[in-house]
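Commentary on secondary and tertiary structure
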Amino acid sequence: MPFRVRKALSKQMINHRGLEFTQLLFDVTEKLKRVFQTKNDILIFPAAGTGAMEAAIVNLFSYGDRVLSVSVGTFGNRFAEIGKIFGLEVVRLQFPLGTAADLKKIKEVLSKEKNIKGVLLTHNETSTGVTNDLEAIASVIKEHDVLFIVDAESSLAAIEVKADEWGIDVTLAGSQKGWMAPPGLAMISVSPSAWEVVKKSTLPRYYWDFERAKAYYEKGQTPYTPAVSTIFALQEGLNMILEEGLPNVFSRHKEIAELTRNEVKKMGLKLFADERSASNTVTAVCLNKETPYNESPYIVDAKQFLKTLKDKYGIELAGGQGELSGKIFRIGHLGDVTKKDILDVIQAISSTIQST
Ligand SMILES: *Cc1c(COP(=O)(O)O)cnc(C)c1O
């Protein structure tokens, strides 16, 4: 986290039913709207990002509703799983790990399947470092009478999302991603058509109830105690993003991602994701020959590799999730990351691989 955000985090506590909090809540919400590129309502819940996913499901659907889940990895699968647990009939469209969703297949399924009420899509799949072509997918979905729900947790504030222009009904974000704030806040935009559906949907909800959250927002409050310090931090993250300017933020992430991919290739390592849809916020790299998708010239034990990077260089990288565990590692480059940081990481990876 940048120094400015850490400083905001250390502010004295305020009364969450008082005027100061109302000003904070309104300021943060208005600034969030500029980054989501929406005029719709945005609700903030104290939660991990997964809370935003569950909130979307329980507010928008009723038992037995049919939804289409478009998944390219762990987070897409999680969204489908949440739907299933709440009794939705989930039609699953899964694409191979490391690739993006195929527009033609989405088109096909949407015209073939009957009574689909909503589409669940991950914009940027953090587990594989793949970004779906949200604008193109949105234009296909627009032709159907369905709610479009986008998990944009690891893209918003780093990769452009035009929620209104692209017709996204519900957009999900989490404070620990591009916003440069600590974990703890789930942010959710809700379009007018989504509100119509919320009114009619019958899955049980209390904590996540959008209507209750909106009623309190109108009074400048939240229904229950908000994560005040994290909201202070988010406010400062937003100030920094808006001072830099959104186009600059997006192009900075793009440049840093390109630098990362080029340096990884220069080392002789293979990128995991199809480069045509490689993410600007996370780069997944193949680690060993067991990887079924690509062959790397190095055979490295993933656990030992990540431990050495941490112990010797103070660099924290992530391994693979689920079936990719031990097969890839991931370099995060969203938020407060510079080119120099990336070059340091590359140098450390290179030394670690040569010494193992
Ligand atoms: C981080 C993330 C989430 C939420 O994860 P939490 O651990 O619950 O905060 C959801 N979807 C994607 C794509 C993410 O990157």
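Here, the structure is the one placed above.
The structure reproduced in this document is the subject of the present report. Predicted model only: the values in this text are computed from it and were never measured. (Residues numbered from 1 in each chain as written. Predicted model: local features only at pLDDT ≥ 70, side-chain atom pairs only at ≥ 80, totals over all residues. Heavy atoms only, no water.)

Glancing now at the sheet that holds strand 4 (residues 116-122). Strand order in this open sheet of seven strands is 1-9-8-7-4-2-3, and the pairing throughout is mixed. Each edge of the open sheet carries a strand with a single partner, namely strand 1 (41-46) and strand 3 (89-94). Sheet twist, expressed as the mean angle between neighbouring strand axes with direction ignored, is 20°. The sheet contact formed by strand 8 (residues 170-174) and strand 9 (residues 185-190) spans five bridges and is antiparallel. Looking at the pairing, A173 lines up with M187 of strand 9. (Pairing = 2+ DSSP bridges. Helix = DSSP H or I, 4+ residues; strand = E, 2+ residues; numbered from the N terminus. Axes fitted to C-alpha atoms, helices over the stretch in contact; angles between N-to-C directions.)

Glancing now at the sheet that holds strand 11 (residues 318-319). If you walk across this open sheet you meet the three strands as 10-12-11, and the pairing is antiparallel. With one partner strand each, in any of the chains shown, strand 10 (282-286) and strand 11 form the two edges of the open sheet. Pairing of strand 10 with strand 12 (residues 328-332), which is carried by five bridges, proceeds in the antiparallel orientation. Following the sheet pairing, A284 is matched in strand 12 by R330.

Let's shift gears to the packing of helix 11 (residues 302-313) against helix 12 (residues 339-355). Axis separation between helix 11 and helix 12 bottoms out at 10 Å; the angle between their running directions is 120°. Considered as vectors, helix 11 and helix 12 are oriented oblique to each other. Here helix 11 runs over helix 12; the crossing is right-handed. Residues F305, T308, L309 and Y313 of helix 11 touch helix 12, and the partners they reach there are A348, I349, S351, T352 and I353. (Parallel < 35°, antiparallel > 145°, perpendicular 65-115°, else oblique. Left-handed = near helix turned anticlockwise from the far one by under 90°. Contact = heavy atoms within 4.5 Å.)

So, on to the site of the ligand. Around the ligand, 14 residues are found, and the nearest of them are T50, T126, D151, Q176 and K177. In this structure, an oxygen atom belonging to the ligand sits 2.7 Å away from a side-chain N or O atom of Q176. Taken by itself the ligand offers 380 Å² of open surface, and the protein chains cover 87% of this. When contributions to the shell around the ligand are tallied by element, the ones reaching two or more residues are helix 3 (49-60) and helix 4 (74-85). (Near = heavy atom within 4 Å. Polar contact = N/O pair within 3.5 Å; in protein donor to acceptor, adjacent residues only side chain to side chain. Areas by Shrake-Rupley, 256 points an atom, 1.4 Å probe, with all protein chains shown as cover.)

Turning next to helix 12. Each turn of an α-helix holds 3.6 residues, which means side chains three or four residues apart point in the same direction. The first and last C-alpha atoms of helix 12 sit 24 Å apart over 17 residues, in line with the 24 Å expected at 1.5 Å per residue. When we look at burial in helix 12, the residues that qualify are I342, V345, I346, A348, I349, S350, T352 and I353. Structurally, helix 12 contributes buried residues whose contacts are with helix 10 (246-266), helix 11 and strand 12. (Expected span 1.5 Å × (residues − 1). Buried < 20%, exposed > 50% of the residue type's maximum accessible area, 1.4 Å probe, protein only.)

We now examine unusual backbone geometry. A positive phi angle, close to 55°, is found at Q37, a residue other than glycine. With respect to the secondary-structure elements, Q37 resides in the loop between helix 2 (19-36) and strand 1. The phi dihedral of M180 falls on the positive side, at around 70°, and the residue is not glycine. Here M180 shows up in the loop between strand 8 and strand 9.

A few words on the layout of surface pockets. The calculated volume of the largest pocket comes to roughly 470 Å³. Considering the residues around the largest pocket, the lining is formed by 24 residues, among which T131, N132, D133, L134 and R276 are closest to the centre. Listing elements by their share of the lining of the largest pocket, those giving two or more residues are helix 6 (134-141) and helix 10. Here the lining of the largest pocket gets four residues from one element, more than from any other, and that element is helix 6. Here the residues of the lining of the largest pocket are counted per class, giving nine nonpolar, six polar and nine charged. (1 Å grid on protein atoms, 1.4 Å probe; cavity = no way out; pocket = protein on both sides within 12 Å on 5 of 7 lines; lining within 4 Å. Points joined across faces, edges and corners; volume = space filled by probe spheres on them. Nonpolar A, V, L, I, M, F, W, Y, C, P; charged D, E, K, R; others polar.)

A complete count under the given rule lists eight aromatic pairs for this structure. Pairing Y207 with W208 gives two aromatic rings, centres 4.8 Å apart and planes at 90°, and the pair type is edge-to-face. Judged by its relative accessible area of 35%, Y207 falls in the partly exposed class. Members of the aromatic cluster, joined through ring pairs, are F45, W195, Y207, W208, F210 and Y224. Here K177 stacks its cationic end above the ring of F75, 5.8 Å away from the centre of that ring. The ring of Y206 is capped by R212, whose NZ or CZ atom sits 4.0 Å from the centre of that ring. (Phe/Tyr/Trp six-rings, centres within 6.5 Å; stacked < 30°, edge-to-face > 60°. Lys NZ or Arg CZ within 6 Å of the ring centre and 35° of its normal.)

This part takes up the side chain of R205. Mapped onto the elements of the fold, R205 is located in the loop between helix 7 (192-200) and helix 8 (210-218). Although R205 is buried, it makes no salt bridge; D209 carries the closest opposite charge, 4.3 Å away. Polar side-chain contacts of R205 include one of 3.4 Å to the side chain of N59. At a separation of 3.1 Å, a polar atom in the side chain of R205 contacts the main-chain carbonyl oxygen of V198. The contacts of R205, once residues within four sequence positions are left out, are V58, N59 and V198. (Lys, Arg positive; Asp, Glu negative; His and termini not counted. Salt bridge = Lys/Arg side-chain N within 4 Å of Asp/Glu carboxyl O.)

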